[in-house]
Amino acid sequence: MKSKNKLINILCYAESNAGTGRGHYTRVRYLISALKKRKPANVTLITNYNNYAKAFFKNFDKIIFVKSNIKKKIEKSLINYDIFILDPPYYEKRKNNCGNYWKNLKKFNKKIKIVRLTDEYKPTKHNVDILINDYPYSENFINIYKNSNSAKKYFLGYKSFLYPIHHKVIYKKNSTFFVAFGGADSNFLVDKLNPIINKIKMKKIIFVRKNK
């Protein structure tokens, strides 16, 4: 029987730059903070070269910077960990956005538990243990995900959005609808979500700085 206080080894992958923003970093940090409240953990981050990661992930034990072929580095590292938290960046028209690109990670460590964070607005097939998609409409993807055996557990929709653990989130039936896309909308998410946002019959507030 495993001890509840046994140290677990967690590997995380996320990137941050002008093209993908800092949202992936934020989600990973919030999730790790929540996990560390439950179990002692040794946490490693694999990421791209930047000047931001060390200051942002002060509660992580190790940060590995990789210039190229990050997927190869991840595959070689998986054998040493119990949990892998995968939150790849979204780059327009890149194959690493979809779940299919990462589907074979289990072959490098059959015992590892894989948690995939995404906000994909078109469902793709995943091969993970837990799939978290905080895209507001993603609750409607559940049958597609289940039919493709994407995960063992699903957390979908806006209620799966990862907040700081010290925040108290209250959901009300009648409230103002607030949409925040961060400092910049480099991937034009506002344009992509507008058809859905327009159907919501309540007030909307959108703060965004759009690129050229």
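Residues numbered from 1 in each chain as written. Predicted model: local features only at pLDDT ≥ 70, side-chain atom pairs only at ≥ 80, totals over all residues. Heavy atoms only, no water.

(A) Structural detail: the overall build of the protein chain. Counting secondary structure elements, the protein chain contains five helices and nine strands. Counting helices and strands in the order they occur from the N terminus, the protein chain gives β-α-β-α-β-α-β-β-β-α-β-β-α-β. Pairs at least 24 residues apart make up 57% of the contacts formed inside the protein chain by residues separated by at least 6 positions. Carbon together with sulfur atoms contributes 52% to the accessible area of the protein chain, which is approximately 13500 Å² in total. (Helix = DSSP H or I, 4+ residues; strand = E, 2+ residues; numbered from the N terminus. Contact = heavy atoms within 4.5 Å. Areas by Shrake-Rupley, 256 points an atom, 1.4 Å probe, with all protein chains shown as cover.)

(B) Focus on the packing of aromatic side chains. Overall, the coordinates contain 15 aromatic pairs when judged by the stated rule. On the numbers, 5.7 Å between centres and 45° between planes, the contact of Tyr13 with Trp102 is tilted. One end of the pair, Tyr13, is in strand S1 (residues 8–13); the other, Trp102, is in the loop between strand S4 (83–86) and strand S5 (113–118), and 89 residues separate them in sequence. Each member of the pair, Tyr13 together with Trp102, is buried. Between Phe56 and Phe57, the aromatic rings sit 5.0 Å apart at their centres with planes inclined by 70°, giving edge-to-face as the arrangement. Classification of Phe56 as buried rests on a relative accessible area of 9%. We classify Phe57 as buried; its relative accessible area is 2%. The structure contains a cluster of three or more aromatic residues connected by ring pairs, namely Tyr121, Tyr135, Tyr137, Phe141, Tyr145 and Tyr154. Between the NZ or CZ atom of Lys67 and the centre of the ring of Tyr49, over which it lies, the distance is 5.6 Å. (Phe/Tyr/Trp six-rings, centres within 6.5 Å; stacked < 30°, edge-to-face > 60°. Buried < 20%, exposed > 50% of the residue type's maximum accessible area, 1.4 Å probe, protein only. Lys NZ or Arg CZ within 6 Å of the ring centre and 35° of its normal.)

(C) Spotlight on unusual backbone geometry. Residues other than glycine seldom take positive phi values, yet Asn69 does so here, at roughly 50°. With respect to the helices and strands, Asn69 occurs in the loop between strand S3 (62–66) and helix H3 (70–77). We classify Asn69 as exposed; its relative accessible area is 54%. Residues other than glycine seldom take positive phi values, yet Asn149 does so here, at roughly 55°. Inspection of the secondary structure puts Asn149 in the loop between helix H4 (142–147) and strand S7 (153–156). Judged by its relative accessible area of 61%, Asn149 falls in the exposed class.

(D) Representation of the nonpolar core. Tyr13, Ile46, Ile74, Leu78, Phe84 and Leu105 are the most contacted members of the largest nonpolar core, which has 25 residues in total. Residue assignment for this core shows that the elements contributing at least two residues are S1, S3, H3, S4, S7 and helix H5 (189–197). Not counting chain neighbours up to four residues away, the residues in contact with Tyr13 comprise Leu45, Ile46, Ile70, Ile74, Phe84, Ile85, Leu86, Asp87, Pro88, Pro89 and Trp102. Counting residues in each nonpolar core, the second largest holds 22 residues, with Ile8, Val28, Phe57 and Ile85 among its members. (Core = buried A, V, L, I, M, F, W, Y, C linked by side-chain atoms within 4.5 Å.)

(E) Spatial organisation of the sheet that holds strand S2 (residues 41–48). A sheet is described by the order of its strands in space; here seven strands give the open sequence S3-S2-S1-S4-S5-S6-S7, paired in parallel fashion. Both edges of this open sheet fall to S3 and S7, since each of them pairs with a single strand only. For this sheet, the mean angle separating the axes of adjacent strands, direction not counted, is 15°. Relative to strand S6 (residues 130–133), S5 is paired through four bridges, and the arrangement is parallel. Note that in S6 the partner of Leu117 across the bridge is Ile132. Contacts from H3 reach S1, S2, S3 and S4, with the element oriented near 160° to S2. (Pairing = 2+ DSSP bridges. Axes fitted to C-alpha atoms, helices over the stretch in contact; angles between N-to-C directions.)

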